[in-house]
Amino acid sequence: MRQKLEELRTNALKEIDEVSDLSQLEALRVRILGRKGSLTEILRGLGQIPLEERRVLGQMANELKGVLQEAMDSKKKALEASGKASAKEMALDVTLPGRRPPKGHPHPVMQVAEEIVEIFAELGFQVASGPDVELEYYNFDSLNTPKDHPARDLHDTFFVKPGVVLRTQTSPVQMRVMEKTPPPVAIVAPGRVYRVDADATHSPMFYQIEGLLVDKGVSFADLKGTLIYFLRRFFGKGTKVRFRPHYFPFTEPSAEVDVLWKTDKGEKWLEILGCGMVHPEVFKYAKYDYEKYTGYAFGMGVDRIAMARYSINSIHYLYENDLRFLEQF
Amino acid sequence: MRVSLNWLNEFVNIDLEPSELAHKLMMLGLDVESVDYLGAEISNVVVGKILSIEPHPAADKLVVCQTDIGEGDPLQIVCGAKNMSVGDKVPTAKVGATLPGGITIGRRKMRGIESCGMMCSGKELGVSDDQEGLLILSPDAPIGADICVVLGLDDYVFDIEITPNRGDWAGMIGVARDLAAAFGSELHIPSAEVEENDQCVENYSSVVIEDTLGCPRYIGRVLLDVEIKPSPEWMQQRLRAAGQRPINNIVDITNYIMLETGQPLHAFDYDKLIENRIVVRRARPAESLRTIDGIVRPLSPEMLVIADAQNPVALAGIMGGADTEVTEATKRVFLESAFFDPITIRRTAKALSLMTEAAQRFQRGADPEMTKFAINRAARLMKELAGATVTTGLLDVYPNPKPTKEITLRFARTNLLLGTNIPSGEQTRYLKGLGFVPTQTGENSAVFCVPSWRHDCQQEADLIEEIARLYGYDLLETPLPVVRRSDQVFAPEEKRTKGLRHRLLESGLTEMMNMTFISPKDITQACLPDTYLDMVKLANPLSENYSGMRTSLLPGIIRAAAHSARRGIEDICVFEIGPVYRPQPDADLPKESLHLAILLSGSLGGKHWSSPLRNVDFYDIKGYVELVFEYFGDVPVCETADFGPLDPREAARVALGDIPVGWMGRLNRKVTATYDLEKPVYVAELNLEPLLGREWQTPTFEPIPAFPAALRDLAVVVDQSVPAAAILETVKLSRGTSLVDVRVFDVYVGNQIPPGKKSVALALKFQSMERTLTEDEVQESCDTILRKLKQEFGAELR
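Procedures and definitions
- Residues numbered from 1 in each chain as written.
- Chains lettered and ligands numbered in written order.
- Predicted model: local features only at pLDDT ≥ 70, side-chain atom pairs only at ≥ 80, totals over all residues.
- Heavy atoms only, no water.
- Helix = DSSP H or I, 4+ residues; strand = E, 2+ residues; numbered from the N terminus.
- Lys, Arg positive; Asp, Glu negative; His and termini not counted.
- Charge placed at Lys NZ, Arg CZ, Asp CG, Glu CD.
- Rg over C-alpha atoms; globule rule 2.2 N^0.38 Å.
- Buried < 20%, exposed > 50% of the residue type's maximum accessible area, 1.4 Å probe, protein only.
- Contact = heavy atoms within 4.5 Å.
- Areas by Shrake-Rupley, 256 points an atom, 1.4 Å probe, with all protein chains shown as cover.
- Pairing = 2+ DSSP bridges.
- Axes fitted to C-alpha atoms, helices over the stretch in contact; angles between N-to-C directions.
- Patch = residues over 30% accessible without salt bridge, like charges linked within 9 Å, V, L, I, M, F, W, Y side chains within 5 Å.
- Salt bridge = Lys/Arg side-chain N within 4 Å of Asp/Glu carboxyl O.
- Left-handed = near helix turned anticlockwise from the far one by under 90°.
- Nonpolar A, V, L, I, M, F, W, Y, C, P; charged D, E, K, R; others polar.
- Phe/Tyr/Trp six-rings, centres within 6.5 Å; stacked < 30°, edge-to-face > 60°.
- Parallel < 35°, antiparallel > 145°, perpendicular 65-115°, else oblique.

Considerations on the overall build of chain B
Broken down by element type, chain B carries 20 helices and 39 strands. Counting only C-alpha atoms, chain B reaches 130 × 85 × 60 Å along its principal axes. Computed over 83 positive and 111 negative side-chain charges, the separation of the two mean positions in chain B equals 4 Å.

Okay, here's the thing in structure tokens:
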């Protein structure tokens, strides 16, 4: 029995010394000092031993218990103090995902429209709006596009009733603003527009932003400078821009603006904007003095810009609203 | 319009690579959509001469030919065609040749006989629709020559989109003129001189214009002894390059001249015109015309026709009649070159859906002066290519010649409008290059006569654009924009809508943008009340599904959510801000109101390891509605109410004070079943107009209390029907207390209280600005509140 105790002392102390973390230490404690631990067993076995011996052995056993207890305590303290084992043991799994505040995804068209409007807002353009269901007068006639004008073929128009259409462009906002406001004016007008057109690249509803600036001494060069500034702000500093003649009934001179767009298939010119100097006939409708004031106007397709920016290959994704699409933005 | 480089080169010398020319055209405003090399897909096809044709020993339908291609031994080729004879020259594809459509020719055995190449039909080379037999080439085609050169396929074709203002660009000469002006080089106009016989045209025919509004000018010519045959290969090539099908020499010449000058012509079989004369008039009631496409077209009195002494023989400016068309039997031709009113032609062409090449040119506005040049040039070619005898003189009816338009240009105005510094001499030079003739030139301004083909130029700004085009848009300066002072960039409503949008995005909702089109079926499927069927209807919708403008955002957002749900998306938390449209009885335009729709289904944020998944319920949608109201500085007034799409047990009307704003709740089973939605779906739709119109409240600072608050919890038992809002209202209105806040923190229904009752636990907060409240004071306040609740609702302390 004595020998057993001696062995236990030697082994236990050695084991305590070798323990490298708290769980091992705890396991060891249970194995030796626990209810069914080896030392507990010995103590329990003392009853069968003659009284004389029992006292001595009892003393030895209790002393050993004290020694081991102390060794374990100090080992525990040491382990805790070293921190090494405790961090490994007690640390959270920091790789588990965190609890994130909820996040919604902006619609790419609205997102792009907002960014575009912001750039012009910084330049002092005011944000204006007009109705989607519009008078033919504002959508066409007052924009120098009378009935039977071939330019009307460029816009296949949804009619509501005679004289009332779904606007085919955001340009009617120009006239609505000019009617109400004497010059100078500087506005941008985002909004939905509609054309009888549905194929791989056309949606019957899409989104445009119109711009109009009328003041003394505004020139075609100012228009070009402003639009190039805008395009480089939006698409990046080195963006290559091409300004080429075009025809719109309500501007003269008119231009179309292309941006050189890089795709994995190479570079190509992407038509982004239509623009020009406000036509004198439009000024007549607005009762603006063409001798005193000049102005420019521009319009751009936000869908097309969004599609280019995010490499979206079909316009239909934009209005289908599949969450697997929306959640990418 | 398809413009051939070879053809264009006849009118102006072009020293540019095709890609450079495309750029030049672009920079002049001619939108080049594509540049095609006609022979791009053809290689190793040469002129071959058939030396012998022997029957195939094993196939009745095949023959074995020996064909000389000018190099080495003749090729043995097995062929299925029948139209060739020994000595014919035909396009011959060598082994390894490529043909349009990615076809490669290899050496192969056909029924046991080796075939070393292929002899081609016009269709196989992509130059005609004729697939019946081989394309028989002219006898003088040099053996072994590249077929692309022989067939004129060694050419580039620019597909150009012409803007509606430029009628003159619908002819090669018009395009060449702008190029010549841009290059500063000369425009070569081909000859229109024609040798006439000694017989007066008046002896053969006459022209009467009854409607000079529809037809300001009409010129006719009569040609005798015409020999109808295919036009020469060079002309056929050009027509094909331009996308036209060759027919016969007379018809081809009219088309050729149209492409060259932009002036459509028409040739009638002179002998089929009753009394051999022409009357230009509006159609008479009940008249009809069989046009050359074989369709009998009923005519209406606003349509302009060309008639003989009795019947319409052509739809003026659009399409000729079948009965008077030129056929192989034609001996004498009446040739027409006219200027028609653009609007008249446009209306008729639209009414009949017959926007022909001619109609497209007339509706843009042709050149009344070009009529004469074009008819003479055509007569010249008919003499040359059809052996025609041209009678003397023109039947030219032009009662009110269009006066020449004069425009004054102020040189300074040009520079002001363009932001340039272009000297007056340069400005004049540009305009002269385009055919504008200066009459009075001063130091500061000049008067220019507008050429007849430029009816689009009406005023000074139009001349300035011409100067800008030739000066070059790319040379314009690009000054930095001037930042303008503005008292208000965003209108308050704009700003708040934008702010709300961001608030909703930040709160975890994804933004949708649905089509604003809707159909009555969408309304009924969503169980919306019948008042929503009163919608703006489209006269020409794309489809029945898109027949009107939405009166609610719900059908759109529910449909989109269902789309995602069907594709396995479990959590759908979305919103849309957009207009709805309601017809107004006394106004032309509907009322457009900005609405907000929110839809929640599944869970907010999805599964997370830290807590069990919680699916959304009514109080989630209500929370969002509260968030919206809070954004506008208010709280929603909610009460149970029935609304079509919603489950009546979980439905509420939402109001701003007493102004109804919208609805929220759970979609009923009928709706979810229709849309195939399995999980519960909660929606809200709010009209944002009252909220946007609400005066924006700036918070006023309230002093922070210096003394501590006393907190008390109070649970009261009331009838289950008592709304929480009523309890809170009563608590807040209890006078004589120092209550500063009250919240519901628990609602209990169950065994521990009597049936039909519920326990509502309130967290009360009392506070005074002056001092710390005593225990007695707080207790007194609690008692007061309890007493009030007892009075109002029979509430008992639990």
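The discussion continues.
Here we look at the overall build of chain A
A tally of regular secondary structure across chain A gives 13 helices and ten strands. For chain A, whose C-alpha radius of gyration is 41 Å, the value lies well above the compact-globule estimate of 20 Å for 329 residues. Looking at the 329 residues of chain A, the share that counts as buried comes to 56%. Long-range contacts, defined as pairs at least 24 residues apart, comprise 66% of the intrachain contacts of chain A with a sequence gap of at least 6. Accessible surface for chain A amounts to roughly 15500 Å². Of this, 51% is attributable to carbon and sulfur atoms. Charge separation in chain A, taken as the distance between the mean sites of 45 positive and 46 negative side-chain charges, equals 6 Å.

Considering the sheet that holds strand 37 (residues 739–748) of chain B
All names here are of chain B. What the four strands build is an open sheet, ordered 37-38-36-39; its pairing is antiparallel. Of all the strands in the sheet, the pair left with one neighbour each is strand 37 and strand 39 (796–797). Where strand 36 (residues 710–719) and strand 38 (residues 757–766) come together, ten bridges link them in antiparallel fashion. If you follow Leu714 over to strand 38, its bridge partner there is Leu762. Where helix 19 (residues 724–733) meets the sheet, its contacts fall on strand 36, strand 37 and strand 38, and the angle it forms with strand 37 comes to roughly 155 degrees.

Points about the environment of Leu154 of chain A
Following the sequence through the fold, Leu154 of chain A ends up in the loop between helix 7 (136–139) and strand 3 (159–161). Residue classification places Leu154 of chain A among the partly exposed residues on the basis of a relative accessible area of 40%. Beyond its immediate chain neighbours, meaning those up to four positions away, Leu154 of chain A contacts Arg195 of chain A together with Pro164 of chain B.

Points about a nonpolar patch on the surface
Taken together, the side chains of Val744, Val747 and Val749 of chain B make up a nonpolar region of the molecular surface, amounting to roughly 220 Å² of accessible area. In this structure Val744 of chain B comes out as partly exposed when scored by relative accessible area, which is 32%.

As for unusual backbone geometry
All names here are of chain A. Here the bond from Pro183 into Pro184 is cis, since omega is 5 degrees, no more than 30 degrees from zero. Along the chain, Pro184 falls in the loop between helix 8 (172–180) and strand 5 (185–194). A cis amide bond links Glu252 to the next residue, Pro253, at an omega of -5 degrees. Relative to the elements of secondary structure, Pro253 occurs in strand 8 (residues 251–263). Unlike most non-glycine residues, Asp148 shows phi in positive territory, near 70 degrees. Here Asp148 shows up in the loop between helix 7 and strand 3. Asp148 sits in the buried class, given a relative accessible area of 17%.

So, the packing of helix 6 (residues 249–261) of chain B against helix 9 (residues 370–386) of chain B
All names here are of chain B. Packing of helix 6 against helix 9 brings their axes to within 9 Å, and their N-to-C directions diverge by 140 degrees. Crossing of helix 6 over helix 9 shows right-handed handedness. Contacts between helix 6 and helix 9 involve Asn249, Ile250, Ile253, Thr254, Tyr256, Ile257, Glu260 and Thr261 from the first element and Met370, Phe373, Ala374, Arg377, Ala378, Leu381, Met382, Leu385 and Ala386 from the second. Of the residues assigned to the contact of helix 6 with helix 9, the class counts are twelve nonpolar, three polar and two charged.

Quick notes on the packing of aromatic side chains
Each aromatic ring pair is summarised here by two numbers: the centre-to-centre distance and the angle between the ring planes. Residues and elements named next belong to chain A. Counted by the stated rule, this structure contains 32 aromatic pairs over all chains. The interplanar angle of 65 degrees and the centroid separation of 6.5 Å between the aromatic rings of Phe125 and Phe298 together place this pair among those described as edge-to-face. With Phe125 in the loop between helix 6 (108–122) and strand 1 (126–127) and Phe298 in strand 10 (residues 294–301), this pair connects stretches of sequence that are 173 residues apart. As far as burial versus exposure is concerned, Phe125 and Phe298 are alike and both buried.

So, the packing of helix 7 (residues 342–351) of chain B against helix 8 (residues 357–364) of chain B
The description of two packed helices rests on the angle between their axes and on the distance between the axes. Residues and elements named next belong to chain B. Between helix 7 and helix 8, the least distance of the axes is 7 Å, while the angle of their chain directions is 140 degrees. Relative to helix 8, the element helix 7 lies oblique. Relative to helix 8, helix 7 is oriented so that their crossing is left-handed. Counting all contacts with helix 7, which are made through Pro342, Ile345, Arg346 and Ala349, the residues of helix 8 involved are Ala359, Phe362 and Gln363. Partitioned by chemical class, the residues of the contact of helix 7 with helix 8 number five nonpolar, one polar and one charged.

A word on the environment of Ser486 of chain B
Within the secondary structure layout, Ser486 of chain B lies in the loop between helix 12 (460–471) and helix 13 (492–506). Judged by relative accessible area, which is 25%, Ser486 of chain B ranks as partly exposed. The spacing of Ser486 of chain B and Pro541 of chain B is 55 residues in sequence and 41 Å in space, taken between C-alpha atoms. For Ser486 of chain B, the contacting residues outside a window of four places in its chain are Gly124 and Gln126 of chain A.

Some remarks on the environment of Phe362 of chain B
Residue and element names in this part refer to chain B. Looking at the element boundaries, Phe362 is found in helix 8. Considering only alpha carbons, one finds Phe362 and Ala316, 46 residues apart in sequence, at a separation of 9.9 Å. In this structure, Phe362 is in contact with Gln263, Pro264, Gly317, Ala338, Phe339, Phe340, Pro342 and Ile345, ignoring residues within four places of it in sequence.

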